[in-house]
Amino acid sequence: MLVRYPFSDLSNSKVRPAVVVSSLRIFWLRLAFDRRIFHHLSCKGSFAGSKSHTSTNSAVVMINNLIALALSITIIGLVMGIVYQTVSRAADQRQYPPSGQLIDIGGFRLHFNCAGQGTPTVVMDAGGGAPSISWGLVPSEIAKFTRVCTYDRAGFGWSEPNLKAPRSSQQSVDELHKLLTKAKIEPPYILVGHSLGGANMRLYASQHPEDVVGLVLVDSVHEDQVTSEQWKHIGRELWFYQALRIASRIGLVRLIGETNLLPILEDLKKDLQKYPLVVQALFDTFKSHCYCPHYWATLSSERANIRKSFEQLREVTSLDDLPLIILSQGSKAPEVSDERVQRWAKLQEDLTRISLDSKRIVAEKSGHLIPLDQPELVVDVVKQLVEKV
């Protein structure tokens, strides 16, 4: 907003000398008065400024002290968390020792557990992010009529991590081949894979056909199953897994888990309540594995490389006449749409085309966790193949 100067109209008027002198006197008197007032206020202002400066210094000191206190508390908390995680991890290792042996395959060790006698040897690979104990009662039943071997992929269960390499299906196949060689488990093999483990076993069978005499895919993944919307969901999951990896380093995941506040574990615990007590008892062992930072780092890498795994799987166009049995879930969860169920059934049926000797069986009483829902069905189809070859 413009302000008009008070004397702006003087240049256009006739001004008398007496009026000018009178006006100058008033101007100088006012100027002198204003100078005295200004000096007085300046003195008071200097005093007030000194007080204000002191107050400001006090506030800065207080803020610095609060920051130092917060940093100290944070550092102490981090140190205590790391100590808590380290001590608790050592206790877990004593309380939940490996059920098999740890075999070095070149810089890291994989957990490998075999039982039973006979040939061919059944080799089993669990689902994504799952340890070998997720097979539940299946291995012990198979061991009654032939030798069966389960293992934990690197970073899961009791196996040591190998995060130098992307956790793709091809990487899992290469490591399993080294493991079987190091453990001196001679072929022939019948391969059994659940979910993502099914992709790994398909790839193994295609690359080592001379060693494999049978294949069982238990509700196996399909390379075309992930929709565009699900790819976005996987991307969001990766951030979550990375956050859990960091939190587990300072014992935060363990602390939340032990206070029953970690939804992932609580949902799993609830789901396990319907299974036999011997299966329910495996939960605490699995929980101890989830408290390790390398578990979440491995799971994140496995999910991040799932697209690469599917690309590797697309190269498996035919397994010739390899005996193949496909087990598919048949029980529909309430939250799953009919469209999704039908799409999954078509993908499962599509898997029968990769072998000239294949058949598909629907596990009517099972969801995705067929090894836990209907373990007898998995055992039965494995026995069929053992007898066939």
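Cut-offs used in this document
Residues numbered from 1 in each chain as written. Predicted model: local features only at pLDDT ≥ 70, side-chain atom pairs only at ≥ 80, totals over all residues. Heavy atoms only, no water. Pairing = 2+ DSSP bridges. Helix = DSSP H or I, 4+ residues; strand = E, 2+ residues; numbered from the N terminus. Right-handed = clockwise from strand over helix to strand, strands pointing away. Expected span 1.5 Å × (residues − 1). Buried < 20%, exposed > 50% of the residue type's maximum accessible area, 1.4 Å probe, protein only. Polar contact = N/O pair within 3.5 Å; in protein donor to acceptor, adjacent residues only side chain to side chain. Contact = heavy atoms within 4.5 Å. 1 Å grid on protein atoms, 1.4 Å probe; cavity = no way out; pocket = protein on both sides within 12 Å on 5 of 7 lines; lining within 4 Å. Points joined across faces, edges and corners; volume = space filled by probe spheres on them. Nonpolar A, V, L, I, M, F, W, Y, C, P; charged D, E, K, R; others polar. Patch = residues over 30% accessible without salt bridge, like charges linked within 9 Å, V, L, I, M, F, W, Y side chains within 5 Å. Areas by Shrake-Rupley, 256 points an atom, 1.4 Å probe, with all protein chains shown as cover. Salt bridge = Lys/Arg side-chain N within 4 Å of Asp/Glu carboxyl O. Disulfide = S-S within 2.5 Å.

A. Looking closely at the pairing of strand β8 (residues 358–363). In terms of strand pairing, strand β7 (residues 324–329) meets β8 through six bridges, oriented parallel. Within β8, the position partnered with Leu-324 by the bridge is Ser-358. Traced from β7 through helix α12 (residues 338–350) to β8, the parallel crossover comes out right-handed.

B. Region of the structure containing helix α14 (residues 375–388). Taking 1.5 Å as the rise per residue, α14 with 14 residues should run 20 Å; its terminal C-alpha atoms sit 20 Å apart, in good agreement. Those residues of α14 that fall on the buried side of the exposure criterion are Pro-375, Leu-377, Val-378, Val-379, Val-381, Val-382, Leu-385 and Val-386.

C. Main features of the side chain of Ser-169. Mapping Ser-169 onto the fold places it in helix α3 (residues 169–182). Overall, the relative accessible area of 2% leaves Ser-169 in the buried class. Here the side chain of Ser-169 touches Asn-200 through a polar contact of 2.7 Å, side chain to side chain. Each residue touching Ser-169, except ones within four places of it in the same chain, is listed here: Leu-196, Ala-199, Asn-200, Leu-203, Ser-309 and Gln-312.

D. Geometry of empty space enclosed by the protein. Within this structure, the stated rule accounts for one cavity of 30 Å³ or more. The volume enclosed by the largest cavity comes to roughly 40 Å³. Every residue lining the largest cavity is listed: Arg-153, Arg-167, Ser-168, Ser-169, Ser-172, Leu-196, Asn-200, Glu-302 and Ser-309. Secondary-structure elements contributing two or more residues to the lining of the largest cavity are α3 and α4 (196–207). Residue classes in the lining of the largest cavity are distributed as one nonpolar, five polar and three charged.

E. Geometry of a nonpolar patch on the surface. Taken together, the side chains of Ile-63, Ile-67, Leu-71, Ile-75, Val-79, Val-83 and Val-87 make up a nonpolar region of the molecular surface, amounting to roughly 650 Å² of accessible area. Structurally, Val-87 can be placed in helix α1 (residues 17–95).

F. Spatial organisation of the state of the cysteines. Inspection of every chain in the model, using the stated rule, returns one disulfide. With its sulfur 2.1 Å from that of its partner, Cys-114 forms a disulfide with Cys-149. Handedness of the Cys-114-Cys-149 disulfide follows from its S-S torsion of about 110 degrees: it is right-handed. Taken together, the residues span a long stretch of sequence, with Cys-114 in strand β2 (residues 109–115) and Cys-149 in strand β4 (residues 148–151) at a distance of 35 residues. Classification of Cys-114 by relative accessible area gives partly exposed; the value is 32%.

G. Looking closely at unusual backbone geometry. At the junction of Thr-119 and Pro-120, the peptide bond is cis and its omega measures out at 0 degrees in the coordinates. With respect to the helices and strands, Pro-120 occurs in the loop between β2 and β3 (121–125). At the junction of Pro-187 and Pro-188, the peptide bond is cis and its omega measures out at 15 degrees in the coordinates. As for its placement among the helices and strands, Pro-188 is situated in the loop between α3 and β5 (189–194). If you check the backbone angles, Lys-184 has positive phi at about 60 degrees while not being a glycine. Position of Lys-184 among the secondary structure elements: in the loop between α3 and β5. The phi dihedral of Asp-219 falls on the positive side, at around 45 degrees, and the residue is not glycine. Within the secondary structure, Asp-219 sits in the loop between β6 (212–218) and α5 (228–249).

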